[in-house]
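Understanding the architecture of this molecule
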Amino acid sequence: MLYYKATMSAPDAHLRLLCSLGRDGVVADGSVPYEGRVLWPHGDVVYSLHLFFVWMRGTWPAPTIAEWAAQEAAEGHGSTYFAQQLAALKRANVIVFVTDNQTYRFKRNRLFLLRLRADLVSAGRDPDTVPVLFLIDCYLREDIEKAPTPDIIQVLTWSRCDHVQVFPEEKRGDKEALDRAIALYEEMRAEHEAK
């Protein structure tokens, strides 16, 4: 399960929250990019989930993750930061695209989606075969200028997708979002098995 973050909120806190909602959640010590594992009951099945966080890099247009990984390897400093992200994109069964309802973010979501598509292509994937759950962090504070949820959903589209609202200020919705991401995967798998 790969979380692709279009927000600047702390990925380590989000990962710790997800691991606390399941069973036997473990966050990899000192890992950057952030990753962890958790046992997640879903219906009659308990999934062993590998959670991995990738988040936005630089300004648009930016190199793809594959280009960053190649540059990283050429520099030979021993860092595998982008190589790890590329490997995670190659094996992800579902992408959870994390954004929020702030107006300025709404204007950039199309660019973030283009970047996700480019990263999947650079990882050797057909983007239309990878389901995407759009997780929309909904802030309720009056001092934040917010875009209407229906407008956000209209912009956030993918060939196979769904949308879930999460309310971080109330710590509500992340469990439902991960359940829906798993359901997207199950639906896709059932369709493939039926062919």
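Read on for an overview of the structure. (Residues numbered from 1 in each chain as written. Predicted model: local features only at pLDDT ≥ 70, side-chain atom pairs only at ≥ 80, totals over all residues. Heavy atoms only, no water.)

Thoughts on the packing of helix α1 (residues 11-21) against helix α6 (residues 174-194)
Just so we agree on the cut-off: Fitted lines through C-alpha atoms give the axes, limited to the stretch in contact for helices. The angle between two N-to-C directions lies from 0 to 180 degrees. Going along the chain from the N terminus, every DSSP run of H or I of four or more residues is numbered as a helix, and every run of E of two or more is numbered as a strand. Put simply, angles under 35 degrees are roughly parallel, angles over 145 are roughly antiparallel, angles from 65 to 115 are roughly perpendicular, and the rest are oblique. A contact between two residues is defined here by any heavy atoms of the two lying within 4.5 Å. Residue polarity follows a fixed list, in which Ala, Val, Leu, Ile, Met, Phe, Trp, Tyr, Cys and Pro are nonpolar, Asp, Glu, Lys and Arg are charged, and the others, Gly among them, are polar.
Running from amino to carboxyl end, α1 crosses α6 at an angle of 80°, the nearest separation of the two axes being 10 Å. Here α6 runs roughly perpendicular to α1, going by the angle between their axes. Between α1 and α6, the contacting residues are H14, L17, L18 and L21 on the first element and D174, K175 and L178 on the second. Class assignment of the residues belonging to the contact of α1 with α6 gives a composition of four nonpolar, one polar and two charged.

Focus: the packing of aromatic side chains
Note the threshold: Two rings from Phe, Tyr or Trp (for Trp, the six-membered ring) form a pair when their centres are within 6.5 Å of each other. A pair whose planes differ by under 30 degrees is stacked, one over 60 is edge-to-face, and the rest are tilted. Whether a charge sits over a ring comes down to the Lys NZ or Arg CZ being within 6 Å of the ring centre and within 35 degrees of the ring normal.
For the structure on display, the rule yields five aromatic pairs. Where F97 meets F134, the ring centres are 5.4 Å apart and the plane angle is 70°; that geometry is what we call edge-to-face. One end of the pair, F97, is in strand β5 (residues 95-100); the other, F134, is in strand β6 (residues 132-137), and 37 residues separate them in sequence. Counting every residue linked through ring pairs, the aromatic cluster contains Y4, F97 and F134. Over the face of the ring belonging to W158 we find R117, whose NZ or CZ atom lies 4.6 Å from the ring centre. One residue, R172, lies across the ring of F167, its end atom 4.2 Å from the ring centre.

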